[in-house]
Each structure stands twice: as structure tokens, then as C-alpha cells.
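Each chain, written out:
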Amino acid sequence: MNHEASLPELDAFTRDLFDELFCPAGASNTPTQAERRTINELMQQARGEGLAKPIVDVFRFLLHLRDEKRLTPRDLGLEKSELVSLAEHHQALDEHGVSIGGRCLKALPIVREANARVADYLERHREEAPTGIELWDKICTNRERIKQILNMGEDRWNSFGGQLKYAIESVDTLSQIMDLPQETVIEIQRVTRHYRMRLTPYYASLIMPGAPHDPIMLQSVPTAEMLTNAGSEVPPVAADHSPARLIDQFYPRVVAMKATNMCGMYCTHCLRIAHIGRKDRIYPREAYTEALQYIRDNPRIRDVLITGGDAFVLPNETLAWILAELDHIEHVRLKRLGSRIPVTTPQRINGELLDILGRSNDKKPLRVVTQINTAREITPVSREAFRKLSGRVSAVLNQAVLLKGINDSTVKMWKLCETIQEAYVRPYYVFNCSYRNPQFDHLRVPVERGRDIIESMYGNISGDAIPRYIATAGGKIPLHRSNVLGRCGSDIILKKPWDGQEVKYPDAG
Ligand SMILES: *Cc1c(COP(=O)(O)O)cnc(C)c1O
Ligand code: SF4
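About the criteria used
- Residues numbered from 1 in each chain as written.
- Chains lettered and ligands numbered in written order.
- Predicted model: local features only at pLDDT ≥ 70, side-chain atom pairs only at ≥ 80, totals over all residues.
- Heavy atoms only, no water.
- Near = heavy atom within 4 Å.
- Polar contact = N/O pair within 3.5 Å; in protein donor to acceptor, adjacent residues only side chain to side chain.
- Areas by Shrake-Rupley, 256 points an atom, 1.4 Å probe, with all protein chains shown as cover.
- Helix = DSSP H or I, 4+ residues; strand = E, 2+ residues; numbered from the N terminus.
- Nonpolar A, V, L, I, M, F, W, Y, C, P; charged D, E, K, R; others polar.
- Phe/Tyr/Trp six-rings, centres within 6.5 Å; stacked < 30°, edge-to-face > 60°.
- Buried < 20%, exposed > 50% of the residue type's maximum accessible area, 1.4 Å probe, protein only.
- Domains from an automatic or database assignment.
- Salt bridge = Lys/Arg side-chain N within 4 Å of Asp/Glu carboxyl O.
- Pairing = 2+ DSSP bridges.
- Contact = heavy atoms within 4.5 Å.
- Axes fitted to C-alpha atoms, helices over the stretch in contact; angles between N-to-C directions.
- Parallel < 35°, antiparallel > 145°, perpendicular 65-115°, else oblique.
- Left-handed = near helix turned anticlockwise from the far one by under 90°.

(A) Quick peek at the site of ligand 1. For ligand 1, the full set of nearby residues is Asp-248, Phe-250, Tyr-251, Val-254, Ala-256, Leu-305, Arg-336, Tyr-428, Tyr-429 and Lys-476. Within the contact set of ligand 1, an oxygen atom lies 2.7 Å away from a side-chain nitrogen or oxygen of Arg-336. At a separation of 2.6 Å, an oxygen atom of ligand 1 approaches a polar side-chain atom of Tyr-428. Burial of ligand 1 by the protein chains amounts to 86% of its free accessible area of 390 Å². Elements with a minimum of two residues in the shell around ligand 1: β2 (254–258) and β7 (426–432). In terms of residue class, the shell around ligand 1 is built from 7 nonpolar, no polar and 3 charged.

(B) Geometry of the site of ligand 2. Cys-263, Met-265, Tyr-266, Cys-267, Cys-270, Ile-276, Gly-309, Arg-340 and Gln-371 make up every residue found near ligand 2. Grouping the amino acids of the shell around ligand 2 by side-chain chemistry returns 6 nonpolar, 2 polar and 1 charged.

(C) Representation of the packing of aromatic side chains. The final tally for this structure, using the stated rule, is 8 aromatic pairs. Their ring planes at 45° and their centres at 6.3 Å tell us that Tyr-283 and Tyr-288 sit as a pair that is tilted. Side by side, Tyr-283 and Tyr-288 carry an identical accessibility label, which is buried. Between Tyr-429 and Phe-431 the ring centres are 5.5 Å apart and the planes differ by 55°, which places this aromatic pair in the tilted class. Judged by relative accessible area, which is 13%, Phe-431 ranks as buried. In this structure an aromatic cluster arises from ring pairing among Phe-18, Phe-22 and Phe-59.

(D) Spotlight on the domain arrangement of the protein chain. With domains assigned, the protein chain is organised as domain 1 (3–113), domain 2 (136–228), domain 3 (247–478) and domain 4 (482–509). Taking the mean C-alpha position of each, domain 1 and domain 3 sit 55 Å from one another.

(E) Region of interest: the pattern of salt bridges. If you walk through the whole model with that rule in mind, you get 29 salt bridges. Its salt-bridge partner being Glu-128, residue Arg-124 comes within 2.6 Å of it at the nearest N-O pair. Here the residue Arg-124 and the residue Glu-128 both occupy positions in helix α6 (residues 100–128), the gap between them amounting to 4 residues, near one helical turn. Across the pair Glu-169 and Arg-198 runs a salt bridge whose closest N-O atoms are separated by 3.6 Å. Taken together, the residues span a long stretch of sequence, with Glu-169 in the loop between α9 (160–165) and α10 (171–178) and Arg-198 in the loop between α11 (182–191) and α12 (201–204) at a distance of 29 residues. Exposure remark for Arg-198: the relative accessible area of 9% places this residue in the buried category. One salt-bridge network, in which partners are shared between bridges, spans Arg-143, Glu-144, Lys-147 and Glu-154.

(F) Focus on the sheet that holds strand β6 (residues 395–402). Sheet architecture is open: 9 strands sit in the order β1-β2-β3-β4-β5-β6-β7-β8-β9, paired in mixed fashion. Of all the strands in the sheet, just β1 (247–248) and β9 (476–478) have a single pairing partner and so form its edges. Note that strand β8 (residues 468–472) and β9 share 3 bridges and pair antiparallel. Pairing of Ile-470 across the sheet is with Pro-478, part of β9. Across the sheet, helix α21 (residues 447–455) lies against β6, β7 and β8, angled at about 160° from β8, the strand it touches most.

(G) View of the packing of helix α2 (residues 12–22) against helix α4 (residues 53–69). The N-to-C vectors of α2 and α4 enclose an angle of 40°; their axes lie 9 Å apart at closest approach. In terms of their interaxial angle, α2 and α4 are classed as oblique. The element α2 and its partner α4 pack so that their crossing is left-handed. Residues Leu-17, Phe-18, Glu-20 and Leu-21 of α2 touch α4, and the partners they reach there are Phe-59, Leu-62, Leu-63 and Arg-66. Class assignment of the residues belonging to the contact of α2 with α4 gives a composition of 6 nonpolar, no polar and 2 charged.

Okay, here's the thing in C-alpha cells:
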């Protein structure tokens, strides 16, 4: 049959569609009454309304009957000319001139395949990686129990000062709150002789009592492995990178200023475990002035990261003063604050702090860089803190750490990235957990595993929810897999990360 002659208006996809529908070889089949009824109804709707979908429904049903039962439209009493005019009508209706063949044979199957890639995630995420919003009822029950045990009123609970004052540092208090088995208590007692434990009551309320390997507990309560793993630390991070007091530098134009060694809580996986949380120290004013002078003296520096410890531990006046000093240095064009406090103690994010951040951001962009490792850490309270922060600074970015048993699965990492994005936070980095500290060897995940997890996001979640995967080894080194397979003449061979399909991409001459 000469399609060029019979279907002059229709594109190649639609000609293929007609070939498929009309060409199944073999004997003619008989449709059931129900099938006849369905097609008649669909045809009526397709003819009647000025809508594209009823036409698509006709062709999809015909394709279905062809695939399942080898039925052709003729078996159903449909003339080709009738279908051709429907096809023309569809294309005329569509704003972008999409043909019925393109829609049925290309677009819809592509969407079907794409849907299949996320089916497993959508089925499992609520069970395997619930957010703190999804678990909010349970968290509220925990909160009431903890308030009662600590004898802590609502006002204290809702203030940063109260959260710090009632911070859980003793194993006895922890065991009361969590109802821990005796052997766990003894283990934690043994470890906390060497490693400091501190959780704010709020962060403790995210732990589900009785759950083994609770991801919040693993991040905040030291475990026996930290002792068995103990070995000598590879020369402490930044000892070899500190050109001036409080300053860490390995890049020409970005420096970090470690403005405090304190945090709202102490993480079991802390990269700076040798420096953070051992002993709280208030730094003298001269330390800050020397650090600021170093920045002032080095005109290449354009971006200053104030970190710690945790930048939000700093009293408001110190924070405001450092930011104002930086804003006065002409070559400093941007600032960042590193803080985990919005997730561990969101009560810190109050009007006074927001005003300080907003004022500085109005002068030169200020970003907040936080650390959220599980979707559980986004609760209605932390989400609200991030919403307010994001309204006053130029960006809120997340640097997660890939941690075994905590977020080292596709489901958990996708859920983390999507959840924080919905909480006004942009996924920025995922760090492969550092080799420098043998204490948390048990939390490390092989580089390849992390790479598979991060690469699995391409094409499956929003592009701006996909973090960069990084190893820290004297600077941040990207660990992504290349999708450039090679060259074929003037073409580059690329691979689609989500299905492995290869495409030719003509290079510039
Ligand atoms: C992380 C870090 C930076 C910032 O690096 P970016 O890639 O710009 O986020 C700068 N200096 C030091 C010392 C750091 O550790
Ligand atoms: S908040 Fe950061 S610096 Fe503080 S203990 Fe946790 S990982 Fe370390």
C-alpha cells in the first residue's frame, strides 16, 4: 500500500501507527460485544468534542486490541478513512501540531518507561524513609514524654536557650528518655568517656524509641564501634591548611573562617571530631580581628564561609559584627554561614537572627549552608525555620554526608533530596564520609556505591534537587561518573544516565 499517496497530511509516526493497526497478519478475529460497545462509545466521544484526549483514547484502545488480540480496526467495523480524518483532526487541534502517531507511539511509551523507573521509589519511600512531617504524630508523642522526663515547660522547649539548657549530655537521662536496654547503656557509658554526647531535647524527639539502628540516634549517640575503630587520626583536617588564625584555605578565592568550636549537638560522624565538642571555647576578640585582617589583606578572597563548629552558636552580636566587618571589605562579595542548628535546634531561627541575616544579605549575598542527612530531620518545625531563612538570605544549601545505614540507599537519598527541596533547601553536596577519622570507619560507604545512588537521580528527580558528590581530600573533589563515552568522527557519544541509552551529539567544529 502506498501511504504517501493515501495519507498525504500525516507524519511518519502516524503512518507507522496505521501500519501497526492495519497490518497484523493472520486470520480475521471477532471482537466481543463489550469491545464493540467500548469502541463505539470512544468513537462517538472522539467525533463529538473538540478535545484531543478522546481521539487518543480511540487509538490507544485500538493499539491495545491489536497487541492483546490481533484485532484490526476492520474487525471492529472501522474504515481507515474515518480514522485518518480523526488523526488529522487531532493534529489540527493540538497547539503544537503533535500528531496522533507521535503521541501514541512515542510520547506515551516514553512516559510509561519513565514512570517505571520511579515505581519502586514511590512504593517504598514512606515506609523506608519517612520525613519528620510524615512522622509528626509520633514525634509529638516523643516530645511530650521528653518534656515530662526533663520537667521542661512549653516555653523552654520553644526557645533556643531552653533547648541548650536542657541538652541531654548524660547517659542516664538518655536511657530514661529512650528506655534503652542495659547493655546499650553500658556501651554508651564506655564510649562517652572518650566522645562527647550532646543532643538537644528537640533532636532527641526525632528518635523513635525501641527502633534498632535509628538514623537519628546513629548520628547523635556515640557507639562502641568508635572505640574499636580508634586508631590514629590522619593529620587533622585543616592543620595543614590554616594560613592565619581561624582561617582554613585551600582555594584562592574562597576561605573558611572557623568562628567557634561549639555546636548545638555533636555528630558521631563529625569531620572535625578532634576539634569540635571536646571542650567549649569562647574565642577572644583578637582571634576574629586577626582572621578578618587576613581576609582584608588578601584581595583575591571574594567569598567567606563562616563555620565552626556551628556559626549559629555565635551570639547574635558577634555574628552581626563579623558579617558587618566582612560587608565592609570591598573585595569580599559574598558570605556563607555553616550551621546544622536549623535541623538540630530550629528554635534558634527567631526574628532577631533573621533580621541580622537579612540586613547583611541586603548588602551582599549571604547563603546558609546546612547539613541534613535524612528526610526525618525535616519536621514542620525545621521546615518553618528553613522557610523563614530562605526568605531572608540568598540561598539555603545542604551538604549531606553519605553514611552507612543512615542514608546509603537510593530510596533514602532521593527522599532526602526531594524533602529538603520541598523545605526551601537546595541539595548542594553529598560528601563521601572522610577516611581521616578512623572513629567512624563503620559509617563509611564505598565511593562507587555513593556514585550509583547519586547518578540514579538524573532524569528521575528535579535537576535542582540533585547534589554534587564529593570526596574531601585537600579540597573538594567531584566523584561523578562521566557520561561521555567517546568520539565517533565529529560526534561525541553520550550516555543517558537514567537508562544507559547512547546518543550521538555533534560536537562543535
Ligand atoms: C568547603 C570549603 C570551602 C568551600 O568550598 P565550595 O566548593 O565553594 O563550597 C572553602 N574552604 C574550605 C576550607 C572548605 O572546607
Ligand atoms: S554540626 Fe558539624 S561541626 Fe558540629 S559536630 Fe556536627 S558535623 Fe561536626
